[in-house]
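Structural description and commentary
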Amino acid sequence: MSTSPVSRPRVLSGIQPTADSFHLGNYLGALRQWVALQEDFEPFYFIADLHAITVEQDPKVLRERTLVSAAQLVAAGVDPARATIFVQSQVPAHTQAGWVLQCLTGFGEARRMTQFKDKSAKGGEGAASVGLFTYPILQAADILLYRPQYVPVGEDQRQHLELTRDLANRFNHRYKKTFRPPEPYILESTAKIYDLQIPQKQMSKSIGGQGCVWVLDDPKVLTKKFRSAVTDSETEIRFDRENKPGVSNLLSIHSALSGEKVEALESAFEGRGYGDLKSEVADVVLETLTPLRERTRELLEDRAELERILREGAGRAGAVAESTLRDVYDRVGFLPATR
């Protein structure tokens with residue numbers, strides 16, 4: 001007797017191709033957890049190149065970074081047979097649905113988005129692009145087109161998910177039930193990873209420099225970064241985020257990758273110096289990132305295969321997104337395209 005396959009709850013998430021490599025914080029906070037979600041969910045993961053151009057990009061660099069991002073996802077363990085991996089711009093329904101949702105969003109509502117405030121603060125609001133202003137609405141379209149049950153979110157994305165839910169409910173109320181308001185899937189609590197040189201600030205591509213650990217860093221470069229990591233004038237290795245941010249960060253990184261509890265690490269390093277800690281953390285990081293870096297390099301040597309994976313992913317994603325978009329266009333009152 002045959003049994004029908006059990007459908008898995010759908011999840012959707014994206015990552016921007018705005019650096020030559022993902023950094024260690026991306027790996028621990030997103031990539032590693034995306035891989036785990038494949039076990040129990042039907043994942044759609046996309047490279048958010050449309051979001052990337054909200055700030056100026058070099059076209060050749062963006063194209064290369066998009067491929068490198070896709071290669072890192074696969075190298076990290078995202079399986080194209082179990083997860084749909086695609087490039088956002090290759091599914092036109094994203095921008096088409098984005099326009100409809102923009103027309104449902106209040107100006108004041110969009111202006112309250114904290115990430116716009118933060119990102120436009122540097123050059124001033126007048127210099128920020130309209131795309132930067134409206135990108136949370138495009139992000140809502142990214143999500144709602146796939147009618148996912150869950151969206152993996154960190155604390156900084158909660159506000160955007162609330163906007164997505166509000167727009168879904170508003171569309172459903174004004175027209176007809178079309179969108180599924182997604183639930184947040186709170187990612188497993190991972191220790192925040194901080195900059196090795198400025199351990200008071202989270203590791204990020206915007207700071208970069210010697211304090212940022214890139215997934216594709218050469219082993220010698222990576223080892224040197226840990227060797228020169230900022231600590232303090234004391235000698236005791238203990239976790240104390242407020243008074244010993246550098247040492248605490250190194251312990252957090254070790255714990256996140258080795259699986260050993262911070263308390264156990266404190267005991268193991270009792271009576272030992274900061275040099276030992278830096279050296280061991282570098283070894284643990286290398287053990288994780290070296291195979292990932294080598295696999296990424298292999299994938300990038302066969303661009304045709306990588307492009308095939310993305311083409312197939314865009315095909316699967318497009319079929320789902322276009323089906324939703326047809327419903328959206330019909331309910332808004334657009335004439336169907338003649339064939």
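Since the model is a prediction, treat every value here as computed from it, not as a measurement.

Here the focus is the overall build of the protein. When helices and strands are counted, the protein shows 13 helices and five strands. The C-alpha atoms of the protein give 22 Å as radius of gyration, which agrees with the globular expectation for 339 residues (20 Å, within 12%). Within the span of the protein, comprising 339 residues, buried residues form 47% of the whole. For the protein, contacts bridging at least 24 residues in sequence account for 75% of all contacts bridging at least 6. Carbon and sulfur atoms make up 50% of the accessible area of the protein, which amounts to about 17200 Å² in all.

Looking now at the UniProt feature "binding site: L-tryptophan" (unreviewed entry) in the protein. Residues given the UniProt feature "binding site: L-tryptophan" (unreviewed entry) here are Asp142. Among all residues touching Asp142, those that are not within four sequence positions of it are Leu12, Phe46, His51, Gln88 and His94.

This next bit is on the domain arrangement of the protein. Taken domain by domain, the protein consists of domain 1 (10-185 + 302-332) and domain 2 (219-294). Using only C-alpha atoms to locate each centre, domain 1 and domain 2 end up separated by 33 Å. Counting from both sides, the interface comprises seven residues of domain 1 and, opposite them, six residues of domain 2. Carbon and sulfur atoms make up 81% of the area that domain 1 and domain 2 hide from each other, which totals about 560 Å².

Another point: the packing of aromatic side chains. One pass over the full model with this rule turns up eleven aromatic pairs. Aromatic side chains Trp34 and Tyr45 sit 4.3 Å apart centroid to centroid with 10° between the ring planes, which places their arrangement in the stacked category. A residue pair is termed long-range when its members are at least 10 positions apart, and Trp34 in helix H1 (residues 24-37) and Tyr45 in strand S2 (residues 42-47) qualify at eleven residues. Relative to Tyr150, the ring of Phe41 has its centre 5.9 Å away and its plane inclined at 90°; by these criteria the two rings are edge-to-face. With Phe41 in the loop between H1 and S2 and Tyr150 in strand S4 (residues 150-153), the pair connects residues that are 109 residues apart, well separated along the chain.

Reading guide: rules and limits
- Residues numbered from 1 in each chain as written.
- Predicted model: local features only at pLDDT ≥ 70, side-chain atom pairs only at ≥ 80, totals over all residues.
- Heavy atoms only, no water.
- Helix = DSSP H or I, 4+ residues; strand = E, 2+ residues; numbered from the N terminus.
- Rg over C-alpha atoms; globule rule 2.2 N^0.38 Å.
- Buried < 20%, exposed > 50% of the residue type's maximum accessible area, 1.4 Å probe, protein only.
- Contact = heavy atoms within 4.5 Å.
- Areas by Shrake-Rupley, 256 points an atom, 1.4 Å probe, with all protein chains shown as cover.
- UniProt positions renumbered as here; feature names shortened; annotations may be inferred.
- Domains from an automatic or database assignment.
- Buried area = accessible area lost by both parts, 1.4 Å probe.
- Phe/Tyr/Trp six-rings, centres within 6.5 Å; stacked < 30°, edge-to-face > 60°.

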